[in-house]
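# Summary of the model geometry
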Amino acid sequence: MDTLRQRVRAGIHFTLLNRVVVNGVPALVALAAVRVVPTVEFGLYNVLLALSGLVGKMTSLGWPESIARYVPRLDARQEREQLAGFLLRALASRFVLTAA
């Protein structure tokens, strides 16, 4: 059985690897795009990327934080129907707000 220290260490390693991948891959894509795409189009791409991130944050309404808090809680209590309803409402509201 793993000790708490081993589990924390494994979690830290996974988190660091995740950060490298999540931040490194877009950086490599951007470097490749700079060389291939004309300057004006690359600038437009960056503006649209920033706007999509802003709209995504504005339409999330705190759902990521709520999911991180309530999904493990409902799962631990074996409340599968409430968990399914909660996730369905989260996805539906995000879809409606993003599409609007």
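One numbering rule holds for all chains: residues counted from 1, following each sequence as written. For a predicted model such as this one, the threshold for reporting local features is a pLDDT of at least 70, and the threshold for listing and counting side-chain atom pairs is 80 or more; totals across whole chains, interfaces and linings nevertheless cover every residue. The side-chain numbers reported here are obtained from all heavy atoms of the structure, hydrogens and water having been left aside.

### Describing the pattern of salt bridges
Close approach of charged atoms allows side chains of opposite charge to pair. Stated formally: Any carboxyl oxygen of Asp or Glu that lies within 4 Å of a side-chain nitrogen of Lys or Arg is treated as forming a salt bridge with it.
On inspection of all chains with the given rule, the structure shows one salt bridge. Where Asp-75 meets Arg-80, a salt bridge forms, and the shortest distance between an N and an O atom there is 2.5 Å.

### Some words on a nonpolar patch on the surface
The cut-off we apply is this: The residues that make up patches have over 30% relative accessible area and no salt bridge, and they are joined within 9 Å when like-charged or within 5 Å when they are Val, Leu, Ile, Met, Phe, Trp or Tyr. Surface exposure here means Shrake-Rupley accessible area, sampled with a 1.4 Å probe, where a residue is shielded only by the protein chains that are shown. In this scheme, a residue with accessible area under 20% of its type's maximum is buried, one over 50% is exposed, and one in between is partly exposed, where area comes from a 1.4 Å probe on protein chains only.
The grouping of Leu-44, Val-47, Leu-48, Leu-51, Leu-54 and Met-58 at the surface amounts to a nonpolar patch, some 600 Å² of accessible area in total. Judged by relative accessible area, Leu-54 falls into the partly exposed class, the value being 47%.

### Describing the nonpolar core
Note the cut-off: Nonpolar cores are built from buried Ala, Val, Leu, Ile, Met, Phe, Trp, Tyr and Cys residues. Side-chain atoms within 4.5 Å join them into one set. Per the convention used, a helix needs a DSSP run of H or I reaching at least four residues, while a strand needs a run of E reaching at least two, with both numbered from the N terminus. Contacts are residue-level and defined by heavy atoms, with any inter-residue pair within 4.5 Å sufficient.
Among the nonpolar cores identified, the biggest contains five residues, and these are Trp-63, Leu-74, Leu-83, Phe-86 and Ala-90. Going through the elements one at a time, helix H3 (63-76) and helix H4 (80-99) are the ones with two or more residues in this core. Not counting chain neighbours up to four residues away, the residues in contact with Leu-83 comprise Val-71, Leu-74 and Asp-75.

### Some details on the environment of Gly-62
Relative to the elements of secondary structure, Gly-62 occurs in the loop between helix H2 (39-60) and H3. Look at Gly-62 and you get partly exposed, because its relative accessible area is 26%. As for Gly-62 and Val-36, which are separated by 26 residues in sequence, their C-alpha atoms are 37 Å apart.

### Here we look at the packing of aromatic side chains
Quick note on the threshold: A pair of Phe, Tyr and Trp rings is counted when the ring centres sit within 6.5 Å of each other, with Trp represented by its six-membered ring. The angle between the planes then sorts it: under 30 degrees is stacked, over 60 is edge-to-face, the rest tilted.
With the rule as written, the count across this model stands at two aromatic pairs. Both rings, one in Phe-42 and one in Tyr-45, keep their centres 6.1 Å apart while their planes meet at 35°; by these two values the pair is tilted. Of this pair, Phe-42 and Tyr-45 both sit in helix H2, three residues apart, which is roughly one turn of the helix. A relative accessible area of 16% places Phe-42 in the buried class. Judged by its relative accessible area of 43%, Tyr-45 is partly exposed.

### As for the confidence of the model for the protein chain
Do not read the fine detail of predicted coordinates wherever pLDDT is low. Spelled out, the test is: Scored between 0 and 100, pLDDT is the confidence that the predictor attaches to each residue.
This prediction gives the protein chain a mean pLDDT of 84; 97% of its residues lie at or above 70. Per-element averaging of pLDDT across the protein chain places H4 at the bottom with 80 and helix H1 (residues 4-36) at the top with 90.

### Some thoughts on H4
So the rule is basically this: Here the expected span of a helix is defined as 1.5 Å times the quantity of residues minus one. Comment: arc refers to directions from the helix axis out to C-beta atoms.
Compared with an ideal rise of 1.5 Å per residue, which puts 20 residues at 28 Å, H4 spans 28 Å between its outermost C-alpha atoms and is within 8% of the ideal. Buried within H4 we find Leu-83, Phe-86 and Ala-90. End-on, the buried residues of H4 take up no more than an arc of 65°, which puts them together on one face. Every exposed residue of H4 that faces more than 90 degrees away from the buried side is listed here: Glu-81, Leu-88, Arg-89, Phe-95, Val-96 and Ala-99.

### Comments concerning unusual backbone geometry
A positive phi angle is found at Gln-78, which is not glycine, with a value near 60°. Note on placement: Gln-78 falls in the loop between H3 and H4. For Gln-78, a relative accessible area of 52% gives the class exposed.

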